[in-house]
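Geometric and topological summary
If you want the building blocks of each chain, they are given just below.
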Amino acid sequence: MKRSLDSRVDYSLILPVFCLLVIGVVAIYIAVSHDYPNNVWPILGQQLAWISLGIVFSFIVMFFNTKFLWQSTPYLYGLGLVLMVLPLVFYNPSLVAATGAKNWVSIGGYTLFQPSEFMKISYILMLAYVIVTFTKKHKDKERTIGLDFLLILWMIVFTMPVMVLLALQSDLGTAMVFVAIFAGLVLLSGVSWKIIIPIFVAVVSAIAGFLAIFITKDGRAFMHQIGMPTYQINRILAWLNPFDYAQTTTYQQAQGQIAIGSGGIFGQGFNVSNLLIPVRESDMIFTVIAEDFGFIGSVVVVALYLLLIYRMLKITLKSNNQFYTYISTGFIMMLLFHIFENIGAVTGLLPLTGIPLPFISQGGSAIISNLIGVGLLLSMSYQTHLADEKSGRTRFKRKKVVLKKVK
């Protein structure tokens, strides 16, 4: 049975995204109205324009079929790498001095976009492409540890160019997102636990060893000598001791945690702000939600994210397409890491890395990239519905109710 276009669109996925976008616009308005009162409507207008552009891209991507997406993946990956070279050439020296990273393309004093945000989508597509290609090539062979290592090696081959460019950009926070995507896809690809467990233990041991060295003054001096940037050292210090340097290097973190605490259960009310928090319209946007709408408002945001992830998982489980399954897994891992790291950082559980809160933080590149990712999930759902129609299966029928006048 052939169904209408409207019935193939997964509105249960769109709903939480829409709610998060609305919350983001409201939170940005609150932050900007206090910090940049003369630029409220230009900044809000810019954010709405980015959201609109992202929705258009998402709608277009929804109609991508599997064949087109498969064939275009290597080209999108190559394009992503080319774009990531641009910030190394076209950058704003003052912005680099402030953030410590060359991750934005700036021309003539205008900051245009952040290529690494779009590279996340291209990278997810490429790793999914690599895993499916590898699996098909070796489908008649018994899965051994040797084959698992070979698969990981191929995934690393396509990961290294991205990591090298991120290292040249000095963008550690974004690099961690790519590591999370890589780890999630390795787990889903069926790699033996005999490989995963030793690697996990080694990573945890390395982090513990790093912190053991870092907490000593001589250890931090050693880290600086071997090339660790000062701003990264300050961020980790701010995480470990946020109130020791509350008037200097840890000002942002300390103010953010005070703002979150001041919100209490129900918040201080709409458009109330008693504290100055640097860039709260972007990386620190969760402090605005917690301060104005309290614990209840914060829980609503987290619940919307959980609903979104649940819907994505449900779409993934309904799909019978291996390529799409890996794509959705990569995107879910990306979102989870962003959410966990951003909220964890502003609440003091994790170091601040400059990672935006999905669909809420101010910024065009992240908004458009995330909405393109949503478009990929909508495409998965759309293609699943089309496959059901071709096979004669239908999940549900929308009935038109006609009200007749009783004589």
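Structural data are supplied above this passage.
Residues numbered from 1 in each chain as written. Predicted model: local features only at pLDDT ≥ 70, side-chain atom pairs only at ≥ 80, totals over all residues. Heavy atoms only, no water.

On to the overall build of the chain. Along the backbone of the chain there are 15 helices and two strands. Computed over C-alpha atoms, the radius of gyration of the chain comes to 23 Å, within 12% of the 22 Å expected from 2.2 N^0.38 for 407 residues, which places it in the range of a compact globule. For the chain, the spread of C-alpha atoms along the three principal axes comes to 70 × 70 × 45 Å. Here the chain holds 407 residues, and the buried ones make up 48% of them. In the chain, 29 side chains carry a positive charge and 17 a negative one; their mean positions are 17 Å apart. (Helix = DSSP H or I, 4+ residues; strand = E, 2+ residues; numbered from the N terminus. Rg over C-alpha atoms; globule rule 2.2 N^0.38 Å. Buried < 20%, exposed > 50% of the residue type's maximum accessible area, 1.4 Å probe, protein only. Lys, Arg positive; Asp, Glu negative; His and termini not counted. Charge placed at Lys NZ, Arg CZ, Asp CG, Glu CD.)

All right, on to helix α7 (residues 145-169) then. Under the 1.5 Å per step criterion, the end-to-end length of α7 is 35 Å for 25 residues, consistent within 8% with the ideal 36 Å. Approximately 35° is the largest bend angle found in α7, and it occurs at T159, with the proline P161 only one to four residues beyond. Where the residues of α7 are buried, they touch α4 (66-89), α6 (115-137), α8 (172-188) and α9 (193-214). S170, located one to two residues past α7, shows a positive phi value of around 60°. (Expected span 1.5 Å × (residues − 1). Bend = angle between axes of the 7 residues up to and from the residue. Contact = heavy atoms within 4.5 Å.)

Counting residues in each nonpolar core, the largest one holds 97 residues, and the members touching the most others are M155, V162, M312, I327, F331 and F359. If one sorts the elements of this core by residue count, helix α14 (residues 322-346) sits on top with 13 residues. Core analysis: the next-biggest nonpolar cluster, separate from the first, contains six residues, F214, M228, I236 and L237 among them. (Core = buried A, V, L, I, M, F, W, Y, C linked by side-chain atoms within 4.5 Å.)

Let us look at a nonpolar patch on the surface. A contiguous nonpolar surface patch, about 530 Å² in accessible area, is contributed by Y11, I14, F18, V22, V26 and F270. With respect to the helices and strands, the residue F270 is situated in the loop between α12 (251-262) and α13 (285-318). (Patch = residues over 30% accessible without salt bridge, like charges linked within 9 Å, V, L, I, M, F, W, Y side chains within 5 Å. Areas by Shrake-Rupley, 256 points an atom, 1.4 Å probe, with all protein chains shown as cover. Salt bridge = Lys/Arg side-chain N within 4 Å of Asp/Glu carboxyl O.)

What the rule picks out here adds up to 13 aromatic pairs. Plain terms: the ring middles of Y77 and F158 are 5.7 Å apart, the flat faces sit at 70° to each other, and that makes the pair edge-to-face. You can see Y77 sitting in helix α4 and its partner F158 sitting in helix α7, a full 81 residues away along the chain. Taken individually, Y77 and F158 each receive the classification buried, so the pair is uniform in this respect. Ring geometry for W154 against F158: centres 6.4 Å apart, planes inclined by 25°, an arrangement best described as stacked. Taken together, the residues span about one helical turn, with W154 and F158 both in helix α7 at a distance of four residues. (Phe/Tyr/Trp six-rings, centres within 6.5 Å; stacked < 30°, edge-to-face > 60°.)

Let us look at the packing of helix α3 (residues 40-62) against helix α15 (residues 364-391). Remark: α3 packs on α15, axes separated minimally by 7 Å, with the N-to-C direction vectors making an angle of 25°. One way to sum up the angle between α3 and α15 is to call them roughly parallel. Handedness of the α3/α15 crossing: right-handed. Packed against α3, whose contacting residues are Q47, W50, I51, L53, G54, I55, F57, S58, V61 and M62, the element α15 presents G364, I367, I368, L371, I372, V374, G375, L376, L378, S379 and Y382 at the interface. (Axes fitted to C-alpha atoms, helices over the stretch in contact; angles between N-to-C directions. Parallel < 35°, antiparallel > 145°, perpendicular 65-115°, else oblique. Left-handed = near helix turned anticlockwise from the far one by under 90°.)

Turning our attention to the side chain of S273. Along the polypeptide, S273 turns up in the loop between α12 and α13. Separated by 3.3 Å, the side chain of S273 and the backbone oxygen of L275 make a polar contact. Of note is the side chain of S273, whose polar atom sits 2.7 Å from the side chain of R280. What S273 contacts, discounting residues up to four positions off in sequence, is H34, R280 and E291. (Polar contact = N/O pair within 3.5 Å; in protein donor to acceptor, adjacent residues only side chain to side chain.)

Phi at S170 takes a positive value of approximately 60°, unusual for a residue other than glycine. Relative to the elements of secondary structure, S170 occurs in the loop between α7 and α8. In this structure, V279 takes a positive phi of about 45° despite not being glycine. Relative to the helices and strands, V279 resides in the loop between α12 and α13.

This part is about the side chain of T329. Following the sequence through the fold, T329 ends up in helix α14. T329 gets classed as buried once you look at its relative accessible area, which sits at 16%. Here T329 is in contact with G184, L185 and L188, once residues within four sequence places are set aside.

With that out of the way, let us pick up the pairing of strand β2 (residues 110-113). Sheet analysis places strand β1 (residues 105-107) next to β2, joined by three bridges and oriented antiparallel. Across the sheet, V105 pairs through a bridge with F113, a residue of β2. Hairpin geometry of β1 and β2 is characterised by an intervening segment of two residues between the two adjacent antiparallel strands and by a positive phi of about 60° at G108. (Pairing = 2+ DSSP bridges.)

Let us look at helix α11 (residues 230-240). The periodicity of an α-helix, 3.6 residues per turn, causes residues three or four places apart in sequence to face the same way. Q232, I233, I236, L237 and A238 are the residues of α11 that are buried. Looking at the buried residues of α11, the elements they touch are α8, α9, α10 (217-225) and α12.

What follows concerns the environment of I30. If you trace the backbone, I30 turns up in helix α2 (residues 11-35). What makes I30 buried here is its relative accessible area of 2%. Considered as a pair, I30 and S262 are 232 residues apart in the sequence and their alpha carbons are 16 Å apart. Those residues in contact with I30 that lie beyond four places of it in its chain are F270, N271, V288, D292 and F293.

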